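Single-letter residue listing:
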Amino acid sequence: MDPGTTRFQAERGNVLAQYNLGLAYAQGRGISADPVEAFVWLSFANENGTGGRELDNLIGSLTPEQFEEGKRQLE
């Protein structure tokens, strides 16, 4: 996965790219792990129809501060 290409596609609404970018941030695949960015991109993917346990699992591992920051970024 090329994070730059995936991010470009994700920012333009490609739901699969949003999901994959969220996973990459969650797992640190090809980019530095960032749970807040993972939350944001997995949330976008979820809102656009791609469900999965990854978002629920991630939410369970976030600190309250990370969760609040993720919600702020979604607004």
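Bear in mind the structure is a predicted one, so any value in this text is a computation, not a measurement.

Scoring rules and cut-offs
- Residues numbered from 1 in each chain as written.
- Predicted model: local features only at pLDDT ≥ 70, side-chain atom pairs only at ≥ 80, totals over all residues.
- Heavy atoms only, no water.
- Helix = DSSP H or I, 4+ residues; strand = E, 2+ residues; numbered from the N terminus.
- Rg over C-alpha atoms; globule rule 2.2 N^0.38 Å.
- Buried < 20%, exposed > 50% of the residue type's maximum accessible area, 1.4 Å probe, protein only.
- Contact = heavy atoms within 4.5 Å.
- Areas by Shrake-Rupley, 256 points an atom, 1.4 Å probe, with all protein chains shown as cover.
- Lys, Arg positive; Asp, Glu negative; His and termini not counted.
- Charge placed at Lys NZ, Arg CZ, Asp CG, Glu CD.
- Axes fitted to C-alpha atoms, helices over the stretch in contact; angles between N-to-C directions.
- Parallel < 35°, antiparallel > 145°, perpendicular 65-115°, else oblique.
- Left-handed = near helix turned anticlockwise from the far one by under 90°.
- Nonpolar A, V, L, I, M, F, W, Y, C, P; charged D, E, K, R; others polar.

Novice: Even after reading the chapter, I still don't get the overall build of the chain, so can you show me in this structure?
Specialist: Across its full length, the chain carries five helices and zero strands. Sequence-ordered secondary structure for the chain, helices as α and strands as β, is α-α-α-α-α. Taking 75 residues into account, the globule formula puts the C-alpha radius of gyration at 11 Å, and the chain, at 11 Å, falls close to it. Across its three principal directions, the C-alpha atoms of the chain cover 30 × 25 × 20 Å. In the chain, which comprises 75 residues, the share counted as buried stands at 32%. Taking contacts inside the chain between residues at least 6 apart in sequence as the whole, the part at least 24 apart equals 45%. Element-wise, carbon and sulfur atoms account for 47% of the exposed surface of the chain, whose accessible area totals about 4,400 Å². Taken as two groups, the 6 positive and 11 negative side-chain charges of the chain have centres that lie 3 Å from each other.

Novice: Can you help me understand the packing of helix α2 (residues 15-27) against helix α3 (residues 35-47) in this one?
Specialist: Packed helix pairs are characterised by how far apart their axes lie and by the angle those axes make with each other. In contact at an axis separation of 7 Å, α2 and α3 are set at 155° when each is read in the N-to-C sense. Put simply, α2 runs roughly antiparallel to α3. In this structure, the crossing between α2 and α3 has a hand that is left-handed. The segment α2 lies against α3, with Val15, Gln18, Tyr19, Leu21, Gly22, Leu23, Tyr25 and Ala26 engaging Glu37, Ala38, Trp41, Leu42, Phe44 and Ala45. Here the contact of α2 with α3 is built from residues that sort into eleven nonpolar, two polar and one charged.

Novice: Just to check I follow, could you spell out the environment of threonine 50 for this structure?
Specialist: By the secondary structure assignment, threonine 50 is in the loop between α3 and α4 (53-61). In the structure, threonine 50 is positioned 20 residues away from glycine 70 in sequence and 18 Å away in space, judged by C-alpha atoms. The contact partners of threonine 50, leaving out residues within four places of it in the chain, are Val15, Tyr19 and Ala45.

Nothing here speaks to function; it is geometry throughout.
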